[in-house]
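# Coordinate analysis (summary)
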Amino acid sequence: MSTHNALLKQLLSDIDAATTGAVRFFAGHSSRRSFLGKVGAVVTGMGAFPLLPMAREDASALAQNANSGVTNAMPAANELQEMGDNQSCDYWRYCAFSGQICSCCGGSMTQCPPGSETASVAWVGTCHNPLDGQDYLISYNDCCGKSACGRCGCHRSEGDRPVYFPSKSNSILWCFGSNSHAYHCTLARVVGKADAG
Amino acid sequence: MKHYLAAALFCVTQSIAAQSYDTIIGDSLPLGVPDDHWFSVRGSEIAYLIDGDEGSVQGTLTLSMFSPALEPHLAAGRIYSYGSFYTRTFYGDRTDVVLVFDLDSALPIKEIEIPPKSAGIGHSGMIGLIEDRFIGVWNITPAMSVSVVDTADDRFVGEISTPGCAGVYPVDAGFLMACGDGRVQYVRLDSVGEEVDRLRSDVFFTVSDDPVFDYAVPTPDGWMFMSLEGQVYEVAVKDGAVNVSEPWSINPPDEEGAADLNGVPIDPDDHWRISGRQAFAYNAKTNLLVTLMHEGGGQETFEDPGTQVWAFSTKTRRRAYVLELDEETKGVSVELTADADPLLIIAPAEGGELLIHDGVSSRLLRTMPEINASLVQRLE
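All values reported here derive from a predicted model rather than from experimental measurement. (Residues numbered from 1 in each chain as written. Chains lettered and ligands numbered in written order. Predicted model: local features only at pLDDT ≥ 70, side-chain atom pairs only at ≥ 80, totals over all residues. Heavy atoms only, no water.)

With that out of the way, let us pick up the overall build of chain B. When you go through chain B residue by residue, the secondary structure sums to one helix and 30 strands. The C-alpha extent of chain B, read off along each of the three principal axes, is 90 × 65 × 40 Å. In chain B, buried positions account for 52% of the 380 residues. Long-range pairs, those at least 24 residues apart, make up 43% of the contacts in chain B with a sequence separation of at least 6. Of the roughly 17,600 Å² of accessible surface on chain B, a fraction of 50% belongs to carbon and sulfur atoms. (Helix = DSSP H or I, 4+ residues; strand = E, 2+ residues; numbered from the N terminus. Buried < 20%, exposed > 50% of the residue type's maximum accessible area, 1.4 Å probe, protein only. Contact = heavy atoms within 4.5 Å. Areas by Shrake-Rupley, 256 points an atom, 1.4 Å probe, with all protein chains shown as cover.)

A word on the interface of chain A and chain B. Of the residues lining the interface, 33 residues belong to chain A; the matching set on chain B comes to 36 residues. With both sides pooled, the region where chain A packs onto chain B buries about 2,600 Å², and carbon together with sulfur makes up 66% of that total. At the boundary of chain A and chain B, one finds zero salt bridges. Our enumeration of links across chain A and chain B arrives at 10 residue pairs in polar contact (both at pLDDT 80 or more). Of the residues forming the side of chain A that touches chain B, the biggest block, three residues, is contributed by helix H2 (residues 20–27) of chain A. Residues of the side of chain A that touches chain B, tallied by class, amount to 16 nonpolar, 12 polar and five charged. (Buried area = accessible area lost by both parts, 1.4 Å probe. Salt bridge = Lys/Arg side-chain N within 4 Å of Asp/Glu carboxyl O. Polar contact = N/O pair within 3.5 Å; in protein donor to acceptor, adjacent residues only side chain to side chain. Nonpolar A, V, L, I, M, F, W, Y, C, P; charged D, E, K, R; others polar.)

Here chain B averages 93 in pLDDT, while 95% of its residues score no lower than 70. Per the prediction output, this complex has pTM 0.83; the corresponding ipTM is 0.90. (pLDDT = per-residue confidence, 0-100.)

All names here are of chain B. Pairing within the open sheet is antiparallel, and its four strands lie in the order S8-S9-S10-S11. Each edge of the sheet is formed by a strand with only one pairing partner; in this case those strands are strand S8 (127–130) and strand S11 (155–161). For this sheet the average axis-to-axis angle between neighbouring strands, irrespective of direction, equals 25 degrees. Alignment of strand S10 (residues 144–150) against S11, held across six bridges, turns out to be antiparallel. Along S11, the bridge assignment pairs Ser147 with Glu159. (Pairing = 2+ DSSP bridges. Axes fitted to C-alpha atoms, helices over the stretch in contact; angles between N-to-C directions.)

Below, the discussion takes up the pattern of salt bridges. Throughout the structure, instances matching the rule amount to 17 salt bridges over all chains. Across the pair Lys168 of chain A and Glu158 of chain A runs a salt bridge, and its minimum N-O distance is 3.8 Å. Linking Lys168 of chain A in the loop between strand S6 (153–155) and strand S7 (183–186) with Glu158 of chain A in the loop between S6 and S7, this pair joins segments that are 10 residues apart in sequence. The exposure class assigned to Lys168 of chain A is buried, which follows from its relative accessible area of 2%. Across the pair Arg133 of chain B and Asp150 of chain B runs a salt bridge, and its minimum N-O distance is 2.7 Å. With Arg133 of chain B in the loop between S8 and strand S9 (134–140) and Asp150 of chain B in strand S10, the pair connects residues that are 17 residues apart, well separated along the chain. You can call Arg133 of chain B partly exposed: its relative accessible area is 29%.

So, about the side chain of Asp51 of chain B. All names here are of chain B. Mapped onto the elements of the fold, Asp51 is located in strand S2 (residues 46–51). Although buried, Asp51 forms no salt bridge, and the nearest oppositely charged side chain, Arg366, lies 7.0 Å from it. Here the side chain of Asp51 touches Asp53 through a polar contact of 2.9 Å, landing on its backbone nitrogen. In this structure, Asp51 is in contact with His37, Trp38, Ser56 and Gln58, ignoring residues within four places of it in sequence. (Lys, Arg positive; Asp, Glu negative; His and termini not counted.)

Next up on the list: the environment of Gln308 of chain B. Residue and element names in this part refer to chain B. Its location among the elements puts Gln308 in strand S24 (residues 308–313). Judged by relative accessible area, which is 9%, Gln308 ranks as buried. Ignoring any residue separated from it by four or fewer positions in sequence, one finds Gln308 in contact with Trp272, Thr291, Leu292, Met293, Val322, Leu323, Glu324 and Leu325. Polar side-chain contacts of Gln308 include one of 2.8 Å to the side chain of Trp310. A polar side-chain atom of Gln308 sits 2.9 Å from a polar atom in the side chain of Glu324.

Right, let's get into the pairing of strand S7 (residues 108–114) of chain B. Residues and elements named next belong to chain B. The sheet contact formed by strand S6 (residues 91–102) and S7 spans six bridges and is antiparallel. Bridging from a neighbouring strand, Asp96 pairs with Ile114 of S7. Linkage of S6 to S7, two consecutive antiparallel strands, is achieved through a turn of five residues, within which Ala106 is found at a positive phi near 60 degrees.

Okay, the confidence of the model for chain A next. Here chain A shows a mean pLDDT of 71. Residues at 70 or above account for 59%. In this model residues 1–73 of chain A is a low-confidence stretch, pLDDT under 50, and it forms 106 contacts with partners more than four residues away in sequence or in other chains.

Attention shifts here to the nonpolar core. Counting residues in hydrophobic clusters, the biggest one holds 98 residues, and the most contacted among them are Trp138, Leu176 and Leu289 of chain B. The contact partners of Leu176 of chain B, leaving out residues within four places of it in the chain, are Gly167, Val168, Tyr169, Val171, Val184, Gln185, Tyr186, Trp223, Val235, Val237 and Val242 of chain B. (Core = buried A, V, L, I, M, F, W, Y, C linked by side-chain atoms within 4.5 Å.)

It is worth spelling out the sheet that holds strand S5 (residues 142–144) of chain A at this point. Sheets are built from strands paired through backbone hydrogen bonds, the pairs being either parallel or antiparallel. Residue and element names in this part refer to chain A. The three strands are arranged S2-S5-S7 in an open sheet whose pairing can be described as antiparallel. Both edges of this open sheet fall to strand S2 (117–118) and S7, since each of them pairs with a single strand only. The pairing of S2 with S5 spans two bridges and is classified as antiparallel. Residue pairing across strands places Thr118 opposite Cys143, the latter belonging to S5.

Residue and element names in this part refer to chain A. Taken as a whole, this structure holds eight disulfides over all chains when the rule is applied. Here Cys89 is linked by a disulfide to Cys154, with a sulfur-sulfur distance of 2.0 Å. Because the torsion about its S-S bond is 70 degrees, the bridge between Cys89 and Cys154 counts as right-handed. You can see Cys89 sitting in the loop between helix H4 (59–68) and strand S1 (98–100) and its partner Cys154 sitting in strand S6, a full 65 residues away along the chain. Disulfide pairing places Cys105 opposite Cys149 at an S-S distance of 2.0 Å. Its S-S torsion of about -90 degrees marks the bond between Cys105 and Cys149 as left-handed, since a negative value means left-handed. Placement of Cys105 in the loop between S1 and S2 and of Cys149 in the loop between S5 and S6 is noted, with a sequence separation of 44 residues between them. (Disulfide = S-S within 2.5 Å.)

What follows deals with a negative patch on the surface. On the surface, a cluster of negative charge is made up of Asp35, Asp36, Asp53, Glu54 and Asp341 of chain B. With respect to the secondary-structure elements, Glu54 of chain B resides in the loop between S2 and strand S3 (56–62). (Patch = residues over 30% accessible without salt bridge, like charges linked within 9 Å, V, L, I, M, F, W, Y side chains within 5 Å. Charge placed at Lys NZ, Arg CZ, Asp CG, Glu CD.)

Residues and elements named next belong to chain B. With respect to the helices, strands and loops of the structure, Asp270 is situated in the loop between strand S20 (248–249) and strand S21 (272–274). In this structure the C-alpha to C-alpha distance between Asp270 and Pro253, which are 17 residues apart in sequence, comes to 6.0 Å. A polar side-chain atom of Asp270 sits 2.9 Å from the main-chain amide nitrogen of Asp254.

See the structure below:
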């Protein structure tokens, strides 16, 4: 059994039951398998996988670990080559987006507007960046604790699934881990290359 | 003559004076008695209670921003819901409660506190009334569980962990849930509302290939689930097992060169998909299944609004009629009342009018403007 498969097996045995279905889906899909392997390499070393589908309290630290650790070099956000209007629903990062674009509300694609709080858990999508021709894993974190921004509503649904498969469902109020689950807007953070393997 | 005129004028003024004016204080009407054609439509922080025969709002319920569903219990004179409330509306301390509304006054008469985990958005499957006594509320944090409340003494009983499973669909002394591992799970409760055991069906779908909606509709024996590709499954609990029927498709592949009895070619429809927030509804008394449909896209468009309603007989498993919707407003939710003469209610996606059709004939009966709402539920 390859190291990769061993990691997957270890993950499947350790992970909280709430995410079992999600892991199986990831494991069965090549574009996501490498991501899981990457995360697995990091978190297995930490001794505990987060109990939630996509805990992203410190994505940058994860990126550094991933860079130093296993196969999948994750570009820092400022190394990304991208063009287009990030206040438009057509923007490449928003392929699985559902909500209101934070860039229209005083925030950016990666940071919440002033006074709102970033949810520490998110759903994910795999989007194609037309500028470099690569697929990237995008984390859609809600910003919470204020009234809904109400601007730049956007609903696209690449890979969307029902709510019993939470990591790929945008039909959930994703304000988990914040002090209030009042929805304000949504970020679109690039967390890695989807096809790195 | 003068005397007659004076007498007539006196009579008129007296009759006008005899009419009482409205009081300066005012009062409230009682809600009235819901019948088979009443239904509810949920808007933002409000649920409209509507008489479908009149096309009129009979009353409203005030909800929280996080109250996706109602659970009527008309025999007890109650309507249940749940919600989350913050001390400062959008922030502050959070309290989640099951709300108990009085059917006569349409006012909340009780609150039962539950863990602050309830799903803030969703559909009617987020809450269920089990054996007319226990309320189950689906939680997601995103770990999944169900909070149980005993309405006999309005008490929170406990929380049941249900990893990877969604919805509360009551059957006998328990409830069904759709699960990410391709099964339906049945959790059975004891006489005080605590879990006795749980049963699981065989695997009958996969999340990657063709998952079922997390929304289901009641049948006489259990619940009907549908997959994103339009497969129909009926699920029942019998003899200690969760049984899933053999599926049938609402959209089998087109036959090449198919024509009707008159030789007119039948339009191909392979690229039509079921979708919506409440994408289907079922009336058991008439064996009528309706689905919201849109053309094109992949499975991921399963929440998109529909531009047509398709109606099927579940007896013959064939399509009975197609109802075209306004291309501008489309439809996002469908519901059928439960009686033998069902109304078909269609909620618009884009701020249009609520449509009330005859479910069997498809004929438009009436429309209701200014109901800014998206989820329709029976009131039974």
